[in-house]
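Structure assessment
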Amino acid sequence: MKKKKKEKTMQMVINLPSELIIEILLRLPVKSLTRFKSVCKSWFSIISHSNFANSHFQITAATHILTISATSPLKFQSIDFEINHHSVLLNHNFLLPRPYSYFQIKGSCRGFICLYCYIDIWIWNPSNGIHKQIPLSPLGSELLEYHLRHLYGFGYDPSRDDYMVVLLSYDPRANFSSHLEFFSLRDNMWNEIEDTHSAYLTDFGNPRAGSFFNGAIHWVAERYGSSVNVIVVFDLMERKLFEMPLPDGFDHDLEDFGLWIFGEFLSLWVKDYPNNTIEIWVMKEYKLHSSWTKTLVICANGGIPFYKPVCRTKSGDIIGKDHYRLVKYNDKGQLLEYLHIDRYVDDLAMYTESLFSLPGEL
Amino acid sequence: MAQEASSSTSSKTISLKTGDGEIFEIEASAAKQMKTVQRLIDDLGDDITIPLHNVFSKELPKIIEYYKKDITGEITKDFEAEFVKDLNDDEVKVLFLAANYLDANKLFEFLSQNIADRLESKSVEYVRKYFGVENDFTPEEESKLREERAWSFRGIKEDE
C-alpha cells in the first residue's frame, strides 16, 4: 500500500504510514468507512476487521435517534440531534415481504436495535444494514395475546461476545406463573431459565423495553401479589434474575415513571403532573441503594417537559420526546432546542454507529 | 486566566531548531506537552538548542501557537476551528505528521479528527490521492464493491 508516488511538481506527496492512517480512519463515520473499503485491498481488510470495529466503537461512537412510523408508508428515520438536525431515511427493505404493522424498539446496544414486530423479532444495525430475524420465543408466541404485558430486553455478554434477547413474561391463565426466556445470537436458540421467581406486572398500556446497563437488563415493574414496585434485573453473564428496590420514599404509580440510562448512570425519570415537572433520579453508585439521588427537576411552561427521555448527549444534555418533538434540555433543566418530528412516531430510541456484525455472520 | 510567569524558573524557554535550520523559542511548560521534545531535553539538557530534524519552519510556529494556548487552558472549540480554518488538506497532513513526530498527543488527536472531518464526504479517488494509495482492485472487483455498498456512495461527488 505504501508506494511513493513521484509528482512532477516540486511538492512531494507525503504519505502517512499505515498506523497514522488508521488513527484517521477510526474517527470517520460508518458511511464513509464503508465507501472507503473500495480504496484498496488493505483498507478493505483493515476496515472489515473486528479489532477495527472495536476500536472504532470505543473512539467514535456517533449517536443518532432512530424513529419508526408504522403508519403507511413505513418510515424509518435516523436523526442527528447532537450536532445538527440532519435526518436520513433508512432502508428497511430487509423487513419485506411480511406485513408488519407494529414496531417496538426493545433495546439498543453496540449499534444494534432489537425490533419487536409482533410476529417476530429483528436484530438490526442501521449503520451497516446487518440484520437477523429471530422467531418469537415459545412463550412469547403462546402468550401473544398478552404481549403488552411482556418485558423484553436486549444486551451484550462480553464474556461470550454474544447478544441476547430476553423475555420476562407470565401466564395470567395459569396462576400468573412467571417465565424467563432468553435468545442467544451465538447459539441461535431460545432457552428458558428455570428459576422460581415472581411474576412482574407492567403498566401494560405502555410496553417497556429493558435498559441494558453494566451487563444486565433492568426494568421497572410491580411484583405480583405485593403491590410493590421494584427494579427487576437480569444479569446476562450470571444469567440470574434479582431485584433492586426503588429509592426510599419513591411512591409513584408505574405509569408515571420509568427507568433509563443517563450517561454513565442508571436513572429514573418521574412525571409530576400537578407540578408540570420531570424529576430525574440518579443511582450515583450502581447497586448502592443509598446512592439514589434526585439530581434534577425540569420544568416546562404549561405541561410536562417531555413524555419520555431518550438519551443523554456527550455534553450532558438530555434529549426527550414530547408529543411531536424531540426536545433538548441542559443539565440545569433549561430548554435548549427542539425539533419537530413525525406526528405518528410509533417508537424511537438512541443508537450508536458501529461496524459490528453479529456472531456467526460476517 | 493567563498568569504571566514572572519567576525565571517557571518561564524558562527552550530553543528548538527545525530541520531547515531555523530556531524557535518555546516555554518549558509547553515543551513538556511534546514528549519527543521533553525526551530530548532530558537527554541533552535544557540549555542547548534542541534539534528537530523532521519538523520544519513552516509547521513549528503553528504547533507552538497551539501549545501556547494549551498551557493557559485557552483551547476552545472556537480556537480549534480558527486554528485549522485557513489550512488546506495537505497542510493539515504535514502538521499531523509533525504532531506525531513530536509526540504531541492533544494536537495529534485534534488533527486526526480534523482530517477525518475533511475526508468524510470525499470520494474514493480523492482519498487515494490524498494518502498516495494505489488502487489494487480490478475494475470488476471495484464495481462489485460499489454496487454492494451503493448507499455509502449516495450524495458523494466523484470528482471531489
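Up top is the structure these notes are about.
Everything numeric in this text was worked out from a predicted model, so none of it was measured. (Residues numbered from 1 in each chain as written. Chains lettered and ligands numbered in written order. Predicted model: local features only at pLDDT ≥ 70, side-chain atom pairs only at ≥ 80, totals over all residues. Heavy atoms only, no water.)

Quick notes on the overall build of chain A
From N to C terminus, chain A includes 5 helices and 25 strands. Against the globule reference of 21 Å for 362 residues, chain A gives a C-alpha radius of gyration of 22 Å, in line with a compact fold. Of the contacts formed within chain A by residues at least 6 apart in sequence, a portion of 49% connects residues at least 24 apart. About 16400 Å² of surface is accessible on chain A, with carbon and sulfur atoms providing 50% of the total. A gap of 13 Å separates the mean positions of the 36 positive and 40 negative side-chain charges of chain A. (Helix = DSSP H or I, 4+ residues; strand = E, 2+ residues; numbered from the N terminus. Rg over C-alpha atoms; globule rule 2.2 N^0.38 Å. Contact = heavy atoms within 4.5 Å. Areas by Shrake-Rupley, 256 points an atom, 1.4 Å probe, with all protein chains shown as cover. Lys, Arg positive; Asp, Glu negative; His and termini not counted. Charge placed at Lys NZ, Arg CZ, Asp CG, Glu CD.)

Here we look at the sheet that holds strand 2 (residues 23-27) of chain B
All names here are of chain B. What the 3 strands build is an open sheet, ordered 2-1-3; its pairing is mixed. Each edge of the sheet is formed by a strand with only one pairing partner; in this case those strands are strand 2 and strand 3 (50-52). Each neighbouring strand pair of the sheet contributes to a mean axis angle of 35°, computed without reference to strand direction. Pairing of strand 1 (residues 13-18) with strand 2 involves 5 bridges; the strand directions are antiparallel. Among the inter-strand pairings, Thr13 is bridged to a residue of strand 2, identified as Glu27. Together, strand 1 and strand 3 form the strand contacts of helix 2 (residues 35-44), whose direction differs from that of strand 3 by roughly 140°. Against the sheet, helix 3 (residues 60-71) makes contact with strand 1, strand 2 and strand 3, and its axis sits at roughly 10° relative to strand 2, the strand it touches most. (Pairing = 2+ DSSP bridges. Axes fitted to C-alpha atoms, helices over the stretch in contact; angles between N-to-C directions.)

Observations concerning the pairing of strand 8 (residues 151-157) of chain A
All names here are of chain A. For strand 8, a buried count of 7 out of 7 residues is recorded, marking the element as mostly surrounded by other parts of the structure. Side chains Leu151, Gly153, Gly155 and Asp157 of strand 8 all project onto a buried face; the interleaved residues Tyr152, Phe154 and Tyr156 project onto the opposite face, where all are buried too. In this sheet, strand 9 (residues 162-171) lies alongside strand 8 in antiparallel orientation, the contact comprising 7 bridges. Looking at strand 9, one finds that Tyr156 is bridged to Tyr163. (Buried < 20%, exposed > 50% of the residue type's maximum accessible area, 1.4 Å probe, protein only.)

Thoughts on the packing of aromatic side chains
Residues and elements named next belong to chain A. Taken as a whole, this structure holds 31 aromatic pairs over all chains when the rule is applied. Residues Phe183 and Trp190 carry aromatic rings whose centres are separated by 5.5 Å and whose planes lie at 65° to one another, so their mutual orientation is edge-to-face. Of the two residues examined, Phe183 and Trp190, each falls in the buried class. An aromatic cluster of three or more residues is present, and its members are Phe76, Phe94, Tyr100, Phe103, Trp122 and Trp124. Across the ring face of Phe44, the terminal group of Lys37 is positioned such that the distance to the ring centre comes to 5.4 Å. The residue whose ring lies beneath Arg110 is Tyr156, and the NZ or CZ to ring-centre distance is 3.7 Å. (Phe/Tyr/Trp six-rings, centres within 6.5 Å; stacked < 30°, edge-to-face > 60°. Lys NZ or Arg CZ within 6 Å of the ring centre and 35° of its normal.)

Let's talk about the sheet that holds strand 22 (residues 318-321) of chain A
Residues and elements named next belong to chain A. Pairing is antiparallel in the open sheet, where 4 strands are placed in the order 21-22-23-24. The open sheet has two free edges, formed respectively by strand 21 (308-312) and strand 24 (335-340), since each of these has just one partner strand. Taken over all neighbouring pairs, the strand axes of this sheet differ in orientation by 25° on average, direction set aside. Note that strand 23 (residues 325-329) and strand 24 share 5 bridges and pair antiparallel. When the sheet's bridge partners are listed, Leu326 is paired in strand 24 with Leu339.

Focus on helix 4 (residues 77-85) of chain B
Residue and element names in this part refer to chain B. For helix 4, every residue scored as buried is listed here: Phe79, Glu80, Phe83 and Val84. Down the axis, helix 4 shows its buried residues gathered within 120° of arc, on one side only. Residues of helix 4 that are exposed and point over 90 degrees away from its buried face: Lys77, Asp78 and Lys85. Next to the buried residues of helix 4 lie helix 3, helix 5 (89-101) and helix 6 (105-119). (Arc of directions from axis to C-beta.)

Observations regarding the interface of chain A and chain B
At the junction of the two partners, chain A supplies 30 residues and chain B supplies 38 residues. Carbon and sulfur atoms supply 68% of the area that chain A and chain B bury against each other, a total of about 3100 Å² over both sides. Taken as a group, A:Arg27, A:Arg35 and A:Ser38 account for 21% of the area that chain A buries against chain B, more than any other trio of residues on that side. Summed over the shared surface of chain A and chain B, the number is 1 salt bridge. Between A:Lys41 and B:Glu141 there is a salt bridge whose closest N-O contact spans 4.0 Å. Ranked by the residues each element gives to the side of chain A that touches chain B, the list is headed by helix 2 (residues 30-36) of chain A, at 5 residues. (Buried area = accessible area lost by both parts, 1.4 Å probe. Salt bridge = Lys/Arg side-chain N within 4 Å of Asp/Glu carboxyl O.)

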